[in-house]
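Overview (structure and organization)
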Amino acid sequence: MLAPSVLTAAGIGFSFVPVTIAATAGVRGPEAGLASGLVNTSRQVGGSIGLALLATVATQHTAGVGPGVGPLRALTEGFAHAFLVGAGIAALGLAMCLLLLVRGVRPAAAPAAATERSGG
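Note that the structure is a prediction, hence the values are computed from the model and not measured.

Some points on the pattern of salt bridges
- Counting across every chain of the model gives 2 salt bridges.
- Glu31 is the partner of Arg28 in a salt bridge, and the nearest nitrogen-oxygen pair spans 2.8 Å.
- By relative accessible area, Arg28 is classed as exposed at 57%.
- By relative accessible area, which is 36% here, Glu31 ends up partly exposed.

Next comes the structure, spelled out in structure tokens:
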């Protein structure tokens, strides 16, 4: 449990700031607070819905384990199933990011010599 927990914590820590920057980068000044609020609200609501979904998956899988299995093993199998579903959702999110995000093309910087000649 320690290794996945550390990996998850590091991933969340490294992703929150870039996501917030990306979400608010093209927003005009007066609307920056609104954009930031939407990002943080969606993060909180998404986490709540995700946790509820995975708890439901774990509970349903635990309840569906056969009667010959002890309660602790059934609970462990339910949690394992929920972790696999969570990993699948994360993999789906990664695939969507790789397929759908398009990098913007930045214009090339003007050469220093051309800028000096033009007086700029």
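Additional details are given in the paragraphs that follow.
A word on the layout of surface pockets
- The computed volume of the largest pocket comes to approximately 1400 Å³.
- Surrounding the largest pocket, 31 residues form its lining, Thr8, Ile12, Ser15, Phe16 and Ala90 being those nearest its centre.
- The residue inventory of the lining of the largest pocket, partitioned by class, reads 21 nonpolar, 9 polar and 1 charged.
- Taken as a whole, the second largest pocket encloses approximately 270 Å³ of empty space.
- What lines the second largest pocket is Ile89, Ala90, Gly93, Leu94, Cys97 and Leu101.

What counts, and where the lines are drawn
- Sequence order as written defines the numbering, with residues in each chain counted from 1.
- Note on the predicted model: pLDDT of at least 70 is required for a residue's local features to be given, and 80 or more for side-chain atom pairs to be given and counted; whole-chain, interface and lining totals, by contrast, use all residues.
- Remark: hydrogens and water are excluded; side-chain values derive from all non-hydrogen atoms of the structure.
- What counts as a salt bridge is simple: a side-chain nitrogen of Lys or Arg found within 4 Å of a carboxyl oxygen of Asp or Glu.
- Buried, partly exposed and exposed residues are distinguished by accessible area as a fraction of the type maximum, computed with a 1.4 Å probe on protein chains only: under 20%, between the cut-offs, and over 50%, respectively.
- Buriedness of a pocket was judged along seven lines, with at least five required to meet protein on both sides within 12 Å; pockets are open sets of points on a 1 Å grid over the protein atoms alone, cavities are sets where a 1.4 Å probe fits but cannot get out, and lining residues have an atom within 4 Å of a point.
- Grid points are joined across faces, edges and corners, and a volume is the space filled by probe spheres set on the points.
- When residues are sorted by character, Ala, Val, Leu, Ile, Met, Phe, Trp, Tyr, Cys and Pro go into the nonpolar class, Asp, Glu, Lys and Arg into the charged class, and all the rest, Gly among them, into the polar class.

Function cannot be read off these values alone, since they describe shape.
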